[in-house]
Amino acid sequence: MSGTSAKTSDKHARTHADVRRSLLASFLSCRCHSKMPLSGTTRSSSASGRLQSQKVPSIPSESGGLGCSCYPGDDDKEEQLGQNWRRRSLSGVQHRAIDPALSFKIDESISLDCLQKMKLAFEEFEKDGLKSIDMKIFVHIVKKCLPTMDQGLIGGLFRKIDFSGKGTISWSNFSAHMLQEYKEKERRSRRSTRVAFGLPATIRTRRHAASPMVKIHNSPDGVVMTLQEDGSISCWSPQLHPLRTKHMFSDATRKWASDFMLMTDFNKLIIATGDRELQLYELSTLEPYCQINALDTVPLSLDYSYLGPDQCCVIYGDINGCVNIISISAVEDTLRSWNKSPKTGRMPNIGIDTAALSPDVKFVRWKVHQDWVTQVKYVPSLKSVVSSSSEDASSLVIGCLLPQTDVQQELSKIREACYEGKNTKDQLSWTPQLRASCDQTVFAIHKGVETFDLCEKNSLLVTGGMDRLIRMWNPHSSRKPTGILKGHVAPIVYLCISGEDAQIFSVSVDNTAKIWAIQEQYCLFTAECKENGIRGDITACLYFSAARSLYIATDSLAVLALETRPQHSRIQPVSHMEPVTCCGYSKEFRKVVSCSEGSSVKVWDFNTGCEVFEFGDTQQRSEITCVTFDTKGRRLITGGKDGQLKMWNFQNGCCLKTLMSGGKCSEVHDCIYLNVNNNFFVISVGQNAFMNIYPDLPEEPHHVQRPQSSWHDDVKKGHKEDVLCVAHCPPSLLATGGCNREITVWDLISGQIHSRLVSPLPAEQELDTSVPCMIFLKLEQVSSAVESLLSSGTVGCINLWDIHGGGGLVSCFKASKFQEKITKMAKTDKDTLLYAADCIGYIYIYDVEKLSVGPKPLEAGTFWRAHTGRITGLEIVDNDQVVLTSSVDHTVRLWGAQGQFIGTFGQSDVWNVHITSSWKHPAVPYEVLTHPLSMPDWELVNGATSDSVNYVAQGIKLRGN
């Protein structure tokens, strides 16, 4: 973003907090000594600067601690214990808790003076030889600047900055963290208003592709009309279904068309030709009406404007740099008189000299540019004509429509001379005139202007050209642009301002289309050539606001339809605008992290369900497929469809490292973080059938890290098809499950195969035999209480394997009552309970002690339906005895240990995990309650008893307890 871009923001009202935040960000960007790359200056954004928190009364929890409640009726339970609060979990473990009413961000309280004092304090310690400080000193420094700040919040901020767990931070770490938070808040604001083109573009091949298109317009009835150079007019539906095509020129002529315009108020269509003609046709029938010929030069660019009842003007720019204006005051009578002129070929014909002498016609030629006119446009609010050229001196000129001097008297003299029969050859040459300097505003732009647009609503003029910059101007001042938008890497050929949406649409010669926000002056979306599929040289463009589509003509005609963020008309809230692909819980910060198909990562407050932060990979926008945390719970690792793993400081959205395998990138299906003999690794599995092992080395200087060499057994004897999941059995066993019912158990120390397990082949060959999830459990009945492996099987079954006693299948039990695939499994810390989730949203709880070797079927102690779609995340938070789930139904939810509905992350009501009166229980999610699969089968109810009906009834009963 150019430095001049900030001037535009002066036109908009900004709150005091936004101004302070902008100054802080500027201070940090100047003072920060971190090596973290910073892209441009962080600009303030009111939307991004708001912390989503709610001030609610604090009341004691039912277990004796304190928390928040969203119910006003609980005021009688209110109790204050100074500024510190204690909250006790159901398992007896106490947690430090802060009243949400006091939980404001430290960065929201820092002033420039306070920040300067903190920097000086850091420098004092640096002078004493301490380049980094520990938490105790950090608390002391912040307390001196902010005496009222809670010590728990300061400690939390320290842990966020110290993401690697070293125990010390420096000033560069602190300033980089603060600046990164500001940047991510701004990006979050961009994502909230994100619009996008549907990719790839819809492309239609043209019948007369040998002749390029020269212009695209939309008619009043919503039809898209195109003109080809050979004179063919084609009509298309907004979705590019061909409607009609007609060749306008006679076969005997070899004309070429340069532009066309619609006179919708008078049902006419004008075509400018290379034979120096303006041809008029009936718009409804496309039949010839009349033509004006003998123009002095070839018209290149056309425009038309309705000036009032029975008044209009036709404007064209030519190859001599002149702007020609034909103003008609009695349009209907004048056109009828021209239609009665003698015909040339099949068209009534009138010369421009004769037409200009008509009593109701005013014809003026302004000499404006020294090069071809690239575009002309009449602006009714300014009563002026805007024209552009490729020259530097007069790149764009805004000038008067008609002369303000004695030209009309000169025209009267010419008419009198014609009437008296005098020689008027010299007088009728219509020598171009020069406007007075007071009648025009000249914009001098480097390398000229190829395209422009002017929005009267926003009082904004934008220009683009060969220098690849979009300049934003105040139309009344040509001294300096109010903003410069950078991003295109090729010359810009089309610009359009959408005043209703406050957006700019731009297209460059490399077939890249961009959408820009006018007020914030940043790029909202980019559709590059590789993504949109548009090929060839661009000859014409049009943004059709009614269809919300951008049309681009090359060798074919393409349309990029505008898509906005989906709006969900649900009674229940959603956590993401896209399907949720995975979720996780950080015990260190008591935060929930969820990821979506749109590469969005949201951080939630576990205690209240409020959104704390959002970030994501705005460049690649690759779907996130899996997540895991490091052993300290301070860094987040995500895997994506692009084959990359990214390590994040999820507290501020900073990407710390990118883990990328060499060669062709294949989708990552699962990843895990391991501690093996105090050596730390990230292991990922996916489509390439191999494991990628990345050592986690704090001293690794490179941002992009490659995996270590693959194990010999993995290359020679490992999986041959996609690997879907990975599970760790401490200290040194690892299991991987593939899509072909095969499970491989590895020895992490030697890198060799420990055992190979193959699930039983089902009787029906078309059944899904993949292994999407596995988990290790310690069972008393199997091999003397050592770890055994549970894996997802066919028809909703779970297979139990003895990995130490020969690697055989011990038993198989039906986990899903509806024979649906088990997609996720989780266990409690002491391996007492097993939770299993299937692909239609049900969760089942099994007592691990009842897992028997014999053929006796195992019944779920409790089950309930948590989502209406496939469950993609399942995690048990033992200290609080709750269950965390996510699903492709766009939601992340929290449940009691026995299925009591606590709430959906992102809902308007705030909950407290330890106050059951703040839970949604005994209610259930509306979509779950009304979904067809949640209803009993009434035919079975009226007839014989059915296990499925009993199970559904049992689940409904459990939810009501």
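For the structure itself, look to the data block above.
Let me sum up the structure you'll find in this document. These figures come from a predicted structure and were not determined experimentally.

**Re the overall build of the protein**
Reasoning step 1: Across its full length, the protein holds 13 helices and 63 strands.
Reasoning step 2: The buried share of the protein, reckoned over its 961 residues, is 55%.
Reasoning step 3: The long-range share in the protein, meaning contacts at least 24 apart out of those at least 6 apart in sequence, stands at 53%.
Reasoning step 4: Entry remark: accessible area of the protein is about 41600 Å², with carbon and sulfur atoms responsible for 50%.

**Examining the side chain of His-914**
Reasoning step 1: Topologically, His-914 is positioned in the loop between β63 (901–904) and α11 (926–930).
Reasoning step 2: Assessed through its relative accessible area of 4%, His-914 is described here as buried.
Reasoning step 3: Within the structure, His-914 has its side chain in polar contact with the side chain of Asp-880 (distance 3.0 Å).

**A word on the side chain of Asp-838**
Reasoning step 1: With respect to the secondary-structure elements, Asp-838 resides in strand β57 (residues 833–838).
Reasoning step 2: Of the side chains with opposite charge, Arg-865 lies nearest to the buried Asp-838, which makes no salt bridge, at 6.7 Å.
Reasoning step 3: Separated by 3.1 Å, the side chains of Asp-838 and Ser-816 make a polar contact.
Reasoning step 4: At 3.2 Å, the side chain of Asp-838 forms a polar contact with the side chain of Tyr-844.
Reasoning step 5: With residues near it in sequence (within four places) discarded, Asp-838 still touches Ser-816, Glu-820, Lys-821, Ile-822, Thr-823, Tyr-844, Arg-870 and Ile-871.

**Quick notes on the sheet that holds strand β50 (residues 742–747)**
Hydrogen bonds between backbone atoms are what pair the strands of a sheet, whose relative direction is either parallel or antiparallel.
Reasoning step 1: An order of β48-β49-β50-β51 is seen for the four strands of this open sheet, with the pairing classed as antiparallel. One side of each edge strand has no neighbouring strand; the edge strands of this open sheet are β48 (723–729) and β51 (753–758). Adjacent strand axes in the sheet meet at a mean angle of 15° when their direction is disregarded.
Reasoning step 2: Sheet analysis places β50 next to β51, joined by five bridges and oriented antiparallel. By the bridge assignment for β51, Trp-746 is matched with Ile-753.

**Focus: the sheet that holds strand β10 (residues 242–247)**
Reasoning step 1: Taken in spatial order, the four strands make up an open sheet running β7-β8-β9-β10, and their pairing is antiparallel. Among the strands making up the open sheet, the edge pair consists of β7 (213–218) and β10. In this sheet, neighbouring strand axes are inclined to one another by 15° on average, regardless of whether the strands run parallel or antiparallel.
Reasoning step 2: Of the pairings in the sheet, the one linking β7 to strand β8 (residues 224–228) comprises five bridges and is antiparallel in character. If you follow His-217 over to β8, its bridge partner there is Met-225.

**Considering the packing of helix α3 (residues 135–145) against helix α4 (residues 151–161)**
Axes are the key here: two packed helices are described by the angle between their axes and the distance separating the axes.
Reasoning step 1: Direction vectors running N to C along α3 and α4 enclose 125°, while the axes themselves pass 10 Å from each other. Put simply, α3 runs oblique to α4. Pair α3 / α4 crosses with right-handed handedness. Facing Met-135, Phe-138, Val-139, Val-142 and Lys-143 of α3, the residues of α4 in contact are Gln-151, Ile-154, Gly-155, Leu-157, Phe-158 and Arg-159.
Reasoning step 2: Its residues placed into classes, the contact of α3 with α4 shows seven nonpolar, two polar and two charged.

**What to know about the pairing of strand β43 (residues 654–660)**
Reasoning step 1: The buried fraction of β43 amounts to five of the seven residues, a majority that puts the element mostly inside the structure.
Reasoning step 2: Pairing of strand β42 (residues 644–649) with β43 involves six bridges; the strand directions are antiparallel. Counterpart to Asn-649 in the pairing with β43 is Cys-654.
Reasoning step 3: Counting the residues in the hairpin turn of β42 and β43 gives four residues, including Gly-653, whose phi is positive at 80°.
Reasoning step 4: As paired strands, β43 and strand β47 (residues 704–705) are joined by two bridges and run parallel to one another. Bridge assignment links Leu-659 to a residue of β47, and that residue is Gln-705.

About the cut-offs
- Residues numbered from 1 in each chain as written.
- Predicted model: local features only at pLDDT ≥ 70, side-chain atom pairs only at ≥ 80, totals over all residues.
- Heavy atoms only, no water.
- Helix = DSSP H or I, 4+ residues; strand = E, 2+ residues; numbered from the N terminus.
- Buried < 20%, exposed > 50% of the residue type's maximum accessible area, 1.4 Å probe, protein only.
- Contact = heavy atoms within 4.5 Å.
- Areas by Shrake-Rupley, 256 points an atom, 1.4 Å probe, with all protein chains shown as cover.
- Polar contact = N/O pair within 3.5 Å; in protein donor to acceptor, adjacent residues only side chain to side chain.
- Lys, Arg positive; Asp, Glu negative; His and termini not counted.
- Salt bridge = Lys/Arg side-chain N within 4 Å of Asp/Glu carboxyl O.
- Pairing = 2+ DSSP bridges.
- Axes fitted to C-alpha atoms, helices over the stretch in contact; angles between N-to-C directions.
- Parallel < 35°, antiparallel > 145°, perpendicular 65-115°, else oblique.
- Left-handed = near helix turned anticlockwise from the far one by under 90°.
- Nonpolar A, V, L, I, M, F, W, Y, C, P; charged D, E, K, R; others polar.

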